[in-house]
Amino acid sequence: MVSEKKFPMTVAGKQKLEEELEHLKTVKRKEVVERIKIARSYGDLSENSEYDSAKEDQAFVEGKISSLESMIRNAVIITEDELNTDEVQLGKTVTFKELPNGDEETYTIVGSAEANPIEGLISNDSPIAKGLMGRKTGDKVKIQTPGGEMSVEVLEIK
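The following paragraphs examine the structure supplied in this document.

Rules of the game
Residues numbered from 1 in each chain as written. Predicted model: local features only at pLDDT ≥ 70, side-chain atom pairs only at ≥ 80, totals over all residues. Heavy atoms only, no water. Salt bridge = Lys/Arg side-chain N within 4 Å of Asp/Glu carboxyl O. Helix = DSSP H or I, 4+ residues; strand = E, 2+ residues; numbered from the N terminus. Expected span 1.5 Å × (residues − 1). Buried < 20%, exposed > 50% of the residue type's maximum accessible area, 1.4 Å probe, protein only. Contact = heavy atoms within 4.5 Å. Polar contact = N/O pair within 3.5 Å; in protein donor to acceptor, adjacent residues only side chain to side chain. Pairing = 2+ DSSP bridges. Axes fitted to C-alpha atoms, helices over the stretch in contact; angles between N-to-C directions. Bend = angle between axes of the 7 residues up to and from the residue.

Inspection of the entire model under this criterion finds seven salt bridges. The salt bridge partner of Glu119 is Lys16, with a shortest N-O separation of 3.6 Å. Of this pair, Glu119 sits in the loop between β4 (104-110) and β5 (121-123) while Lys16 is found in helix α1 (residues 11-40), placing the two residues 103 residues apart along the sequence. A salt bridge links Asp57 to Arg35; its shortest N-O distance comes to 2.4 Å. Here Asp57 is found in helix α2 (residues 49-73), whereas its partner Arg35 is found in helix α1, with 22 residues between them in sequence.

Right, let's get into α2. Its 25 residues place the ends of α2 36 Å apart at the C-alpha level, agreeing with the 36 Å of an ideal helix rising 1.5 Å per residue. Listed as buried for α2 are Tyr51, Ala54, Val61, Ile65, Leu68, Ser70, Met71 and Ile72. Residues of α2 that are buried sit in contact with β1 (7-9), α1 and β2 (75-77). A distance of 3.2 Å separates the backbone nitrogen of Glu50 from a side-chain oxygen at the start of α2, and that oxygen is part of Asn48.

On to the side chain of Asn74, then. Following the sequence through the fold, Asn74 ends up in the loop between α2 and β2. Excluding anything up to four places from it in sequence, Asn74 contacts Glu4, Lys5, Lys6 and Phe7.

Moving on, we get to the sheet that holds β4. One key point about sheets: their strands pair by backbone hydrogen bonds, in either a parallel or an antiparallel sense. Within the open sheet, the five strands sit side by side as β5-β4-β3-β7-β6. Their pairing is mixed. The open sheet has two edge strands with one neighbour each: β5 and β6 (140-145). The sheet shows a mean angle of 50° between the axes of neighbouring strands, taken without regard to direction. Sheet topology note: the strand β3 (residues 93-98)/β4 ladder contains five bridges and is antiparallel. Paired with Lys97 across the bridge in β4 is Glu104.

Turning our eyes to something else, we now look at α1. With 30 residues, α1 extends 42 Å between its outermost C-alpha atoms, agreeing within 8% with the 44 Å of an ideal straight helix rising 1.5 Å per residue. The axis of α1 is deflected most strongly, by about 40°, at Leu24. Residues of α1 that are buried include every one of Gly13, Leu17, Leu21, Leu24, Val32, Ile36 and Ala39, and no others. Residues of α1 that are buried make contact with β1 and α2.

With an omega of 10°, the peptide bond running from Leu99 to Pro100 counts as cis. You can see Pro100 is positioned in the loop between β3 and β4.

This part takes up the environment of Asp57. A relative accessible area of 30% means that Asp57 is categorised as partly exposed. Put simply, Asp57 and Arg35 are 22 residues apart on the chain and 9.6 Å apart in space, counted from C-alpha to C-alpha. Setting aside chain neighbours within four positions, we find Asp57 in contact with Val32 and Arg35.

It is worth stressing that arrangement in space is one thing and function is another; only the former is reported here.
Set out below in structure tokens:
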């Protein structure tokens, strides 16, 4: 039997996914069903772009619901007790600067299910997070990214 992928996440991250799932099930699903119903009333479905569009949206919503249910079912919650304070790991916020004279950047390392780089949340599967995992304040590390190699210094871990 193949085991399902585990999704490490914070309590807040799981709650956010649960809220999104609830919205999809109670609001979006009903909206799409209503759009299909209206499109059907236009008659011939073979050349009905509104119907085709609504059916595509329905497939997307159902796929997203299935994906979220799997992530929630296989969530592994990161608790504060598990976090070693002096080492970069899942659930930690790390500040680093690109060497020799780059700007400081701060990210929280989270599971892929709750990653959102715009909000400062990077996936533990990302090249930067992989390169920083296990490092301590003051460590200098070379990280391979799709854009090439970068050298960084870990400034702070919270």
